Number of protein chains: 2
Amino acid sequence: MLDRREALDRLLELVVLLDADMTEGLAREGLTVPRAHLLWLLHQNGPAAQRRLADALKVSPRNVTGLVDGLVASGHVARGPHQTDRRVTLVSLTERGASASAEMSRGHEELAELLFGEMTDRRFTAFVAGLNHVLSRLREGLQPAHVGGR
Amino acid sequence: MLDRREALDRLLELVVLLDADMTEGLAREGLTVPRAHLLWLLHQNGPAAQRRLADALKVSPRNVTGLVDGLVASGHVARGPHQTDRRVTLVSLTERGASASAEMSRGHEELAELLFGEMTDRRFTAFVAGLNHVLSRLREGLQPAHVGGR
DNA sequence: TATTGTTATACTCTATAACTATA
DNA sequence: TATAGTTATAGAGTATAACAATA
């Protein structure tokens with residue numbers, strides 16, 4: 001049986017591969033991971049004030065300015081005024097941004113199918129159970145520094 | 001039973017949490033993820049030419065110059081000459097770099113214990129089986145763009 | 001001629017601090 | 001006085017291209 005430590009290494013390898021897969025796919029649409037993340041929020045929740053985006057992304061307002069600048073330049077989003085509060089800038093998807101989001105959603109489905117499609121229900125269920133265990137452990141144990149070599 | 005798509009979302013959430021956990025832990029040692037990755041290679045394989053590091057990290061030689069500059073400034077590594085080839089710069093761990101690596105290794109163990117420690121052998125084995133399945137799928141299916149919202 | 005590492009330049013993500021416009 | 005977003009400044013990671021030293 002695999003060592004706990006080896007299993008962690010394998011899990012970290014998965015993290016690296018997933019990250020590379022996403023980054024590469026996004027690059028084809030002229031997107032980066034942080035920009036796609038912002039796009040995704042608009043896709044899910046509709047137009048939003050930059051401040052809200054900063055909170056949701058857990059990033060500084062300044063940073064959102066930069067991300068939105070990039071997405072405006074690439075034609076994925078547009079800035080507009082808020083109806084009642086003139087301090088606020090509302091960010092919304094353009095048509096290109098909407099189709100890129102839809103494409104992301106499809107890619108997501110495809111990836112799920114690739115990863116889990118040929119898995120038996122039995123194995124899938126067991127895997128999800130382990131995943132849940134690991135996730136709850138991780139959410140609880142945020143205190144100590146669990147450093148890893150990636 | 002959980003949907004395939006939901007399982008993927010949960011897996012991606014795990015990726016985010018693991019990344020955050022690592023990044024935070026490394027920051028306490030004055031390290032970043034890319035620098036720690038470089039350190040880890042030295043820890044595993046001993047002193048190396050920058051060119052080798054660039055290949056291993058899949059990054060440009062120029063980038064390695066920058067990473068090593070930072071690690072030299074923080075006292076984790078030192079540059080030295082190659083014995084026979086005077087073009088080459090050998091990078092090796094300082095004492096601080098070695099102890100930081102050892103600390104990373106301990107953190108790795110702790111994390112493995114946190115994530116899997118209280119898991120039954122049965123569930124652990126099932127999880128690893130699923131992990132292996134997902135990993136091999138991902139390694140094979142590198143062609144298409146599997147874009148995701150992080 | 002080929003290889004190693006550097007300087008030069010540029011882009012992205014990130015942060016804090018100071019400032020403007022509005023509330 | 002407080003909030004939204006900007007400009008100013010800075011650091012880190014990344015890339016390509018041109019160049020120097022060495023092989």
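That block above? That's the structure.
Residues numbered from 1 in each chain as written. Chains lettered and ligands numbered in written order. Predicted model: local features only at pLDDT ≥ 70, side-chain atom pairs only at ≥ 80, totals over all residues. Heavy atoms only, no water.

A. Broad picture of the interface of chain A and chain B. The interface of chain A with chain B comprises 67 residues on the first partner and 66 residues on the second. Between chain A and chain B lies a buried interface of about 7300 Å² when both sides are counted; carbon and sulfur atoms form 68% of it. Taken together, the links from chain A to chain B amount to eight salt bridges. In this assembly, chain A and chain B are joined by 18 residue pairs in polar contact (both at pLDDT 80 or more). Of all the secondary-structure elements, those providing two or more residues to the side of chain A that touches chain B are helix H1 (4-28), helix H2 (33-45), helix H5 (95-116) and helix H6 (121-140) of chain A. The element contributing the most residues to the side of chain A that touches chain B is H1(A), with 19 residues. (Contact = heavy atoms within 4.5 Å. Buried area = accessible area lost by both parts, 1.4 Å probe. Salt bridge = Lys/Arg side-chain N within 4 Å of Asp/Glu carboxyl O. Polar contact = N/O pair within 3.5 Å; in protein donor to acceptor, adjacent residues only side chain to side chain. Helix = DSSP H or I, 4+ residues; strand = E, 2+ residues; numbered from the N terminus.)

B. Up close: the sheet that holds strand E3 (residues 89-93) of chain A. Residues and elements named next belong to chain A. Overall, antiparallel pairing links the three strands, which are arranged E1-E3-E2 in an open sheet. The open sheet has two free edges, formed respectively by strand E1 (48-49) and strand E2 (77-81), since each of these has just one partner strand. Bridge count for E1 against E3 is two bridges, and the pairing is antiparallel. If you follow Ala-48 over to E3, its bridge partner there is Val-91. On the sheet, H2 packs against E1, E2 and E3 and is oriented at approximately 85 degrees with respect to E3. (Pairing = 2+ DSSP bridges. Axes fitted to C-alpha atoms, helices over the stretch in contact; angles between N-to-C directions.)

C. Structural view of the protein's contact with DNA strand D. Around DNA strand D, 21 residues are found, and the nearest of them are A:Arg51, A:Thr65, B:Thr32, B:Asn63 and B:Arg86. Note that a base oxygen of DNA strand D is positioned 3.0 Å from one of the side-chain N or O atoms of A:Arg87. Of all elements in the fold, only helix H3 (50-57) and helix H4 (61-73) of chain A together with helix H2 (33-45) and helix H4 (61-73) of chain B reach the threshold of two or more residues within the surface near DNA strand D. Considering every element that reaches the surface near DNA strand D, the biggest residue donor is H4(B), with three residues. Counted by class, the surface near DNA strand D contains five nonpolar, seven polar and nine charged residues. (Near = heavy atom within 4 Å. Nonpolar A, V, L, I, M, F, W, Y, C, P; charged D, E, K, R; others polar.)

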